[in-house]
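# Analysis of the macromolecular model
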Amino acid sequence: MSSATRTLISPATLARPRGRAVYWTVFTGVVLLFALAFLFPVYWMVTGAMKSPDEVARTPPTLVPDHWHLSGYTDAWDLMQLPEHLWNTVVQAAGAWAFQLVFCTAAAYALSKLRPAFGKVVLGGILATLMVPAQALVVPKYLTVADLPFLHTSLLNDPLGIWLPAVANAFNLYLLKRFFDQLPRDVLEAAEIDGAGKLRILWSVVLPMSRPVLGVVSIFALVAVWQDFLWPLMVFSDTDKQPISVALVQLSQNIQLTVLIAAMVIASIPMVALFLVFQRHIIAGISAGSTKG
């Protein structure tokens, strides 16, 4: 006996011309409303950099600039040294992503498939760190980075000061472990029968099957470093090595508002482009853990 699928509008109503017209009118209106709600702030920021300083501060504000000026973007690129700080951010984000992907993947694979002794205790301790506020960890992290145990060296003003703390990401590790738990054991056992070792199984079987979740973890890792402010501010006292999030605040004191808005637009472009390029992988990775397979 097949069960009929219940919908908000019955198929009989959609079969009528009037019903179809009402449905598509409402559907189109809702889509446009949501698109406007998300895209209007982007439009407001992009066009705000093209206005004159007086027009930006005008009340009531103008929806369309009276005169379009691109000088805000060129001034932001030169005066705020955006190429240098963007490159610093890329280096810090790429290193944190690589370290996190290697070590979190290895740890998640070990906890999921190798089943070490006291593995559940270790996983519980890792997950317990999620209940500690990030602000409470700032001082211990800073003291550790300022005087690295055993080595007694400082990682301040060094990208390693960003890379190494980023490895300890309990959320991404748990996300990877949950995905590895759902991988079919038949495939892994077949690889073992063929003579593949644990590392070979991880490299040749597990990682190719884990592309969706690896894409999600990559996005989380890159965005976390790109938008972080407090920790890079404490690590990098040298302004030439600061990422874009810190530099925008440090250099904005004597900068016109339009130039600052333009700098923020430029700083947000890489993350927006990254999402648009990998949005299919992000959606696939988020939905990958929703069903057991």
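Every chain's residues receive numbers from 1 upward, in the order its sequence appears when written. In keeping with the model being predicted, local features are shown solely for residues with a pLDDT of at least 70 and side-chain atom pairs are shown and tallied solely at 80 or more, while totals for entire chains, interfaces and linings include all residues. Only heavy atoms go into the side-chain values, all of them from the structure, while hydrogens and water stay out.

## Side note on the pattern of salt bridges
What counts here: Every case where a carboxyl oxygen of Asp or Glu lies within 4 Å of a side-chain nitrogen of Lys or Arg is listed as a salt bridge. Here a helix means four or more residues in a row that DSSP labels H or I, a strand means two or more in a row labelled E, and each is numbered from the N terminus.
Within this structure, the stated rule accounts for four salt bridges. Asp66 is the partner of Arg58 in a salt bridge, and the nearest nitrogen-oxygen pair spans 3.0 Å. Note that Lys177 is salt-bridged to Asp181, the shortest N-O span being 2.8 Å. Highlighted residues: Lys177 and Asp181, both in helix α9 (residues 170-181), separated by four residues, approximately one helical turn.

## Some words on the packing of helix α6 (residues 119-128) against α9
To characterise two packed helices, one gives the angle between the axes of the helices and the distance between these axes. How we decide: All axes are obtained by fitting lines to C-alpha atoms, using only the stretch in contact for helices, and the reported angles, taken between N-to-C directions, cover 0 to 180 degrees. Our angle categories are set so that under 35 degrees counts as roughly parallel, over 145 as roughly antiparallel, 65 to 115 as roughly perpendicular, and the remainder as oblique. When the near helix sits turned anticlockwise from the far one by under a right angle, the crossing is termed left-handed; a clockwise turn instead gives a right-handed crossing. Contacts are residue-level and defined by heavy atoms, with any inter-residue pair within 4.5 Å sufficient. Residue type decides the class: Asp, Glu, Lys and Arg count as charged, Ala, Val, Leu, Ile, Met, Phe, Trp, Tyr, Cys and Pro as nonpolar, and the leftover types, Gly among them, as polar.
Interaxial distance between α6 and α9 falls to 9 Å at its minimum, and their mutual angle equals 135°. In terms of their interaxial angle, α6 and α9 are classed as oblique. By crossing handedness, the relation of α6 to α9 is classed as left-handed. Residues Leu123, Ile126 and Leu127 of α6 lie in contact with α9, whose contacting residues are Ala170, Leu173, Tyr174 and Lys177. Split into classes, the residues belonging to the contact of α6 with α9 amount to six nonpolar, no polar and one charged.

## Regarding unusual backbone geometry
Where we set the bar: Burial classes follow relative accessibility: with a 1.4 Å probe on protein chains only, a residue under 20% of its type's maximum area counts as buried, one over 50% as exposed, and anything between as partly exposed.
Pro60 follows Thr59 through a cis peptide bond whose omega is 0°. Along the polypeptide, Pro60 turns up in the loop between α3 (53-56) and α4 (71-79). With a phi close to 50°, Gln81 is a non-glycine residue in the positive phi region. Judged by its relative accessible area of 36%, Gln81 is partly exposed. With a phi close to 50°, His152 is a non-glycine residue in the positive phi region. Within the secondary structure layout, His152 lies in the loop between α7 (138-146) and α8 (160-167). With a relative accessible area of 62%, His152 lands in the exposed category.

Coordinates in, geometry out; function isn't part of it.
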